[in-house]
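Spelled out from the first residue to the last, the chains are:
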Amino acid sequence: MIRCLRRTFVVANRFAVVGEPAVVVVGISVCRHKRNMSNVSVDLSALRQPYREDDDVLLESTLPTKDPIKLFELWFNEIKSNDKSVEANAVCVSTCTKDGIPSSRMVLLKQYGSDGFVFFTNLLSRKGQELTENPRAALLFYWASVNRQVRIEGPVEQVSPAEAKKYFESRPKRSQVAAALSQQSKPVSGRDELISRYNELEKKHADDTFLTRPDYWGGFRVIPKVFEFWQGQSSRLHDRIVFRSKNEPSPEGLEKHEVVGDWIIYRIQP
């Protein structure tokens, strides 16, 4: 809320007389802001959760494998098996325009292996366009129940039309209809318009087993060049172990490290 008082200033006599609010014709309005929750910064400093304790740390010497793909698989399978309340394959994908403007969103990982990490999307969406003009991405998996996260960075390539077709046809038919009608990231007049278009397309393909994959729907494969495995500590001396491809530039100040296969392994500070 903004409250304004009207004040009249007589400059020649160098004194001011406070007039009645909103009735003085000549003068200057002095506005005071009444603070409310919409413009007050909310203090969250007291929000703090314990993580792992000092007897449960992530050490280079005790890693179950020095292969980052296999280590990811171990962590992924652990959360998938033990915490049914989360989507273990939910991942934040960060992209960037060619001018350096970033954006992030959550998607579902659909494949992973030594050849890369795959997700599917509308190729004309914001992320699709950004990956086309600037084909690099960062992935972030965060599994709060085990105080772990995995970061993956690398160049991106489109999956083949055959791969995209195979996955598209494996989706529930309702998901195929939604993907086919949505002009992802474009404005729409309202949900009613989407429902109307959905019902029309669903009726059109009522007798079809599946829809034909639209040309504008496909997938991207992130080819990992850097992994970071993070494990949280209550002390906030979090464990961060990096696997960096030998073909990628090494960071400044890197002294202690280990080379295993195609990867340089080292610890970074929390």
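Scroll up a little and you will see the structure.
Residues numbered from 1 in each chain as written. Predicted model: local features only at pLDDT ≥ 70, side-chain atom pairs only at ≥ 80, totals over all residues. Heavy atoms only, no water.

With 15 residues, helix α1 (residues 68–82) should cover 21 Å at 1.5 Å per step; its first-to-last C-alpha distance of 21 Å lies within 8% of that length. Between a side-chain oxygen at the N-terminus of α1 and the backbone nitrogen of I69 the separation is 2.9 Å; the capping residue is D67. (Helix = DSSP H or I, 4+ residues; strand = E, 2+ residues; numbered from the N terminus. Expected span 1.5 Å × (residues − 1). Polar contact = N/O pair within 3.5 Å; in protein donor to acceptor, adjacent residues only side chain to side chain.)

All right, on to the side chain of N122 then. With respect to the secondary-structure elements, N122 resides in strand β7 (residues 116–122). Looking at N122, its side chain comes within polar contact range of the main-chain nitrogen of L124, at 2.7 Å. At 3.2 Å, the side chain of N122 forms a polar contact with the backbone oxygen of S182.

Of all the 7 residues making up strand β4 (residues 90–96), 5 are buried; the element is thus mostly covered by neighbouring parts of the structure. Of the pairings in the sheet, the one linking β4 to strand β5 (residues 102–108) comprises 7 bridges and is antiparallel in character. Counterpart to V91 in the pairing with β5 is V107. Turn length for the β4-β5 hairpin, with the two strands adjacent in sequence and antiparallel, is 5 residues, and the turn residue G100 shows positive phi of about 90°. Across 3 bridges, the pairing between β4 and strand β8 (residues 136–143) is antiparallel. When the bridges of β8 are listed, C92 appears paired with L140. (Buried < 20%, exposed > 50% of the residue type's maximum accessible area, 1.4 Å probe, protein only. Pairing = 2+ DSSP bridges.)

In terms of nonpolar packing, the biggest core is built from 33 residues, with F72, F141, W143, V150, F227 and F243 touching the most fellow members. The element that contributes the greatest number of residues to this core is α1, accounting for 6 residues. One finds A164, Y167, F168 and A180 within the second-largest nonpolar core, a separate group that totals 14 residues. (Core = buried A, V, L, I, M, F, W, Y, C linked by side-chain atoms within 4.5 Å.)

Positionally, L181 belongs in helix α4 (residues 173–181). A relative accessible area of 13% places L181 in the buried class. Sequence separation between L181 and P214 is 33 residues; the distance between their C-alpha atoms is 9.4 Å. L181 has contacts with L194, R197, Y198 and L201, leaving out every residue within four places of it along the chain. (Contact = heavy atoms within 4.5 Å.)

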